[in-house]
Amino acid sequence: MSTTNGLIGQSVKRVEDKRFITGKGKYTDDIILPLQTYAAFVRSIYAHAKIINVDTTAASAMPGVVAIYTGADVADINGVPCGWQVNFKNGDTMKEPKHPLMVADKARHTGDAIAMVIAETREQAKDAAEAVIVDYEELPVVVNAAEAVKPGAPLVHDDVPNNMSFDWELGNPKAEVDEAMQKAEHITTLEFVNQRLVPNAIEPRSYIGSYDAANEKYTLYTSTQNPHLIRLLMCAFVLGIPEHKVRVVGPDVGGGFGSKIYHYTEEALVTWASKKINRPIKWTAERSESFLLDAHGRDHITKAEMGFDKDGNVLALRVKTFANLGAYLSTFGACVPTYLHGTLMQGLYTTPKINIDVTGVFTNTTAVDAYRGAGRPEATYILERLMDLAALEMNIDPAELRFKNFIPPFDGVNQPGYQTQVALQYDSGNYHGVLTTGLQMLGYADFRKQQKEAAQNGKLLGVGFSTYIEACGIAPSAVVGSLGARAGLYEVGQVRVQPTGKVSVFTGAHSHGQGHETTFAQVVADKLGIPMEDVEIIHGDSDSVAFGMGTYGSRSLAVGGSAIVKSIDKIVEKGKKIAAHKLEASADDIEFTAGKFTVKGTDKSIGFADIALTAYVPHVYPKDLEPGLDFSSFYDPANFTYPFGCHIAVVEVEKETGRVTLKRFIAVDDVGNIINPMIVEGQIHGGVIQGVGQALLEGAEYDDNGQLTTGSYMDYCMPRADDFPMIETATQVTPCPHNPLGVKGAGEAGAIGSTPAVVNAVIDALWSGGHKVKDIRMPLTSERVWKAMQGEVIIKN
Amino acid sequence: MQINVKVNGVDYHHDVEPRLLLVHYLRDTLRLTGTHVGCETSLCGSCTIHVNGKATKSCSLLAVQADGCEIKTIEGLASNGDLHPLQEGFKEMHGLQCGFCTPGIIMMAADFLGQVPDPSEEEIRYALKGNFCRCTGYHNIVKSIKHAAAKMKEGVTV
């Protein structure tokens with residue numbers, strides 16, 4: 001795309017790095033406010049239990065205790081809300097039981113908060129929390145979504161029959177899909193579990209609530225991805241306190257991956273209680289609390305069928321999913337398995353008939369919500385597993401099968417967008433391109449030769465493909481509103497040119513690793529033709545940034561960046577009027593290039609800084625023009641953006657042990673125009689390893705009593721450096737036709753594309769050795785792969 | 001209990017609770033918040049510092065155990081305002097995103113490169129096994145450490 005000073009498109013080193021590499025980052029837990037106290041929570045040790053009595057007498061007398069609050073103290077306060085309404089097929093509204101700040105009557109998952117103990121020190125708070133005595137009456141537990149909807153299953157909420165929050169469908173009518181399926185020559189069927197994951201941002205969640213009695217104003221410091229959204233939810237829906245009397249600050253945040261989007265109960269509790277005790281309160285999660293309480297991801301039980309004609313053309317897709325929502329609806333809990341999942345069922349293919357049916361189910365487990373990719377990895381997993389398996393079953397080359405079924409290239413300008421069967425209209429795409437590049441990088445023909453030779457020598461080599469699409473740039477407010485969103489999803493960007501021509505930019509997006517302070521500065525400096533050092537990006541403080549919806553869904557540059565560009569356009573337009581007055585020309589004759597306002601066809605020009613100074617010292621100035629050079633814009637996108645790509649995994653499976661080694665990983669991604677290739681590549685790397693982690697290593701498991709048996713780093717297998725090779729990346733550029741930067745978003749692509757590629761590769765390796773295995777339950781541990789080779793099928797959740 | 005420690009070249013004398021973790025002493029008492037707490041169980045490596053020159057996870061040591069020790073944290077790694085080659089390497093090769101795990105990884109790597117000045121990719125990946133990063137997929141961390149090793153070999157002083 002066009003550039004004035006070469007900044008756009010360059011791998012500029014990150015401006016935020018210096019503070020992090022010198023230990024000067026400021027995360028919430030690094031902040032200590034004067035007179036700060038510490039909170040610790042008493043949490044249910046049972047997954048489902050009546051609370052008979054909570055005795056705080058002994059705890060109250062412990063050293064340093066300032067206050068103790070229990071579920072009864074917050075019973076009259078609203079619960080934390082769900083931000084998205086999903087309807088039953090018959091039009092009924094989803095069941096949305098209260099998610100209380102602390103429970104008074106019964107605990108619905110292990111870790112449900114029963115009491116909050118506030119003390120002078122962290123250790124005193126923990127000591128006193130241990131001295132709170134809770135009498136429980138254990139209740140029967142259900143953890144599996146498919147089990148929970150059966151008659152007679154224990155009820156997580158007494159007023160939600162069959163534990164069913166909603167029963168939803170999307171696409172063509174079922175009868176039409178059934179009819180198309182009947183005409184199929186071949187149907188590939190997969191029944192599988194997309195296992196539950198724990199997001200595991202390395203910074204545990206941390207909050208400080210404080211209250212300034214003199215000004216009647218609250219401040220909440222929070223490790224969040226969206227400070228304004230937290231303020232809105234907490235003020236308007238939970239605590240009922242006036243928004244203009246609440247400042248929410250999201251300082252440096254140590255990773256989010258979705259888990260720090262949501263409004264968590266502890267945020268409201270420390271804010272609420274800070275007024276009660278008139279002192280600041282800090283709570284920082286221990287890692288075991290992070291495992292137990294940060295909203296989890298995935299956890300779908302799915303049956304999917306794809307029907308083909310005799311030539312391998314896809315005729316129909318039918319999907320049934322039970323989505324585990326956990327014990328309560330989290331902020332986007334209802335949206336992830338429906339509108340972020342069902343809407344992706346077209347994939348990259350021309351499938352004419354599609355129906356997806358999703359049942360959202362409460363269980364005695366931690367709430368499930370968006371985790372890197374949020375619904376889109378689950379959708380991609382379905383489609384891409386089906387594609388590779390169908391290719392094996394029909395003995396067609398998996399790349400060939402994809403080429404045959406791809407939607408033809410379209411740029412969204414000269415060719416219209418592609419209308420899917422599942423509500424969305426894709427903006428632009430060239431799916432053939434990314435697969436072609438991927439095959440070249442792989443050396444596909446050679447690989448198949450090597451694979452044959454390896455099989456002859458008793459070695460199992462496999463290749464797996466995944467050609468994915470995602471819907472990002474979330475989102476057009478009117479569209480998501482019609483689909484049940486309870487918020488608009490625009491973004492705000494303010495550009496304040498200072499009198500000397502230096503620029504402060506305020507964005508509602510929030511950086512927690514994405515490098516906005518660099519990428520956004522590149523855009524602004526390039527558009528204004530000034531050095532990057534003259535631009536500062538300010539984010540994360542509701543008192544300085546007008547408003548914002550935050551960072552998730554790979555939206556920051558596509559939506560937040562576009563809002564900033566809108567403001568820059570207004571700056572330039574006003575600058576032209578000022579320049580015209582000074583140069584005694586018409587504003588229409590002024591052009592702005594490379595930091596200069598010039599009278600067209602002449603050498604008469606004025607620099608950007610001079611115009612800025614004139615705007616603030618308006619002595620020689622247009623009569624009807626306001627002084628100052630400071631504009632704010634709201635940008636509400638016209639459509640989602642649709643990044644896509646091709647991921648290819650090569651694995652070796654050790655015959656004797658089932659051990660899987662990832663030999664190569666190739667990622668060809670098309671995220672539209674690229675501002676900073678280094679940052680985009682870094683986003684892809686991180687996403688890929690999270691996705692590969694799901695395929696090979698990670699999985700949250702509950703036992704039948706609802707205890708999280710993978711509640712520590714000793715039990716939950718995090719990806720480590722020695723698990724992987726270097727990742728081979730390439731990019732293709734198909735610009736987004738509907739936003740000013742032509743960008744699509746890169747944050748989630750890696751995690752969306754990679755998981756099925758790896759599982760497909762393992763299945764391919766097994767088939768090469770004659771083991772015609774359809775599925776292995778993720779993560780693909782040696783034991784599971786070995787058992788699969790022995791003919792044992794593991795499908796139990 | 002009374003402790004005497006030297007942290008980043010400065011002598012400190014404090015009366016601490018016996019159960020105070022070294023990482024909390026550094027963060028809360030000395031306000032050196034570059035050292036982070038990620039898991040409190042010595043698995044994630046975010047709290048890695050140097051104790052008497054050796055990379056050590058400070059969440060698994062009591063402050064009183066550090067009595068008489070010389071400690072270096074991320075804040076003390078640069079000398080005379082010059083970044084350590086590892087700090088340069090992480091910036092140069094985009095070895096960090098959210099930055100939370102970064103100080104611990106840099107401190108681990110500083111000790112590692114002292115022992116293995118010219119490491120292979122495999123050796124670097126093995127050395128990193130006690131440090132989690134959720135953002136980078138480790139790819140650019142490996143490159144950052146390699147970059148630093150090359151610079152240090154060229155004679156850039158530590």
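Residues numbered from 1 in each chain as written. Chains lettered and ligands numbered in written order. Predicted model: local features only at pLDDT ≥ 70, side-chain atom pairs only at ≥ 80, totals over all residues.

A. Spotlight on the overall build of chain A. Scanning chain A from N- to C-terminus turns up 19 helices and 28 strands. In terms of principal-axis extent, the alpha carbons of chain A reach across some 85 × 75 × 50 Å. Counting across all 797 residues of chain A, residues that qualify as buried make up 58%. Taking as baseline every contact in chain A between residues at least 6 positions apart, the subset at least 24 positions apart corresponds to 81%. (Helix = DSSP H or I, 4+ residues; strand = E, 2+ residues; numbered from the N terminus. Buried ≥ 20, exposed ≤ 12 C-beta atoms within 10 Å, placed from the backbone. Contact = placed C-beta atoms within 7 Å.)

B. Inspection of the nonpolar core at higher detail. Residue and element names in this part refer to chain A. Of all hydrophobic cores here, the largest spans 304 residues; its most connected members are Ala 39, Met 116, Val 117, Val 524, Val 758 and Val 762. Broken down by element, the residue count for this core peaks at eleven residues, all from helix 18 (residues 749-768). Those residues within four positions of Val 758 in sequence are excluded, and the remaining contacts are Gly 464, Ala 649, Val 651, Leu 662, Val 692, Ala 695 and Leu 696. (Core = buried A, V, L, I, M, F, W, Y, C linked by C-beta atoms within 7 Å.)

C. Structural detail: the packing of helix 6 (residues 227-239) of chain A against helix 7 (residues 265-277) of chain A. All names here are of chain A. Remark: helix 6 packs on helix 7, axes separated minimally by 11 Å, with the N-to-C direction vectors making an angle of 70°. Classed by the angle they form, the pair helix 6 and helix 7 counts as roughly perpendicular. Along this stretch, helix 6 crosses helix 7, giving a crossing that reads as right-handed. Of the residues in helix 7, those touching helix 6 at Ile 230, Met 234, Val 238 and Leu 239 are Glu 267, Ala 268, Thr 271 and Trp 272. (Axes fitted to C-alpha atoms, helices over the stretch in contact; angles between N-to-C directions. Parallel < 35°, antiparallel > 145°, perpendicular 65-115°, else oblique. Left-handed = near helix turned anticlockwise from the far one by under 90°.)

D. Quick look at the sheet that holds strand 27 (residues 660-670) of chain A. Residue and element names in this part refer to chain A. Read across the sheet, four strands follow the order 18-26-27-28 without closing on themselves; strand pairing throughout is mixed. Lying at the two open borders of the sheet, with one neighbouring strand each, are strand 18 (460-469) and strand 28 (728-731). For this sheet, the mean angle separating the axes of adjacent strands, direction not counted, is 15°. Of the strand pairs in this sheet, strand 18 and strand 26 (residues 644-653) are connected by ten bridges, and their pairing is antiparallel. Each bridged residue has a counterpart across the sheet, and for Ile 469 the counterpart in strand 26 is Phe 644. (Pairing = 2+ DSSP bridges.)

E. Inspection of the interface of chain B and chain A at higher detail. Contacts between the two partners involve 42 residues from chain B, matched on the other side by 41 residues from chain A. Among the elements of the structure, helix 2 (85-92), helix 3 (102-115), helix 4 (121-127) and helix 5 (139-153) of chain B are those that each provide at least two residues to the side of chain B that touches chain A. A breakdown of the residues in the side of chain B that touches chain A according to their chemical character gives 19 nonpolar, 15 polar and eight charged. (Nonpolar A, V, L, I, M, F, W, Y, C, P; charged D, E, K, R; others polar.)

F. Looking closely at the sheet that holds strand 2 (residues 49-55) of chain A. All names here are of chain A. Across the sheet, three strands lie side by side as 4-2-6; this open sheet has antiparallel pairing. Edge strands, defined here as strands with exactly one partner in the open sheet, are strand 4 (106-107) and strand 6 (133-138). Sheet analysis places strand 2 next to strand 6, joined by six bridges and oriented antiparallel. Residue Val 54 lies in a different strand from strand 6, and its bridge partner there is Val 134.

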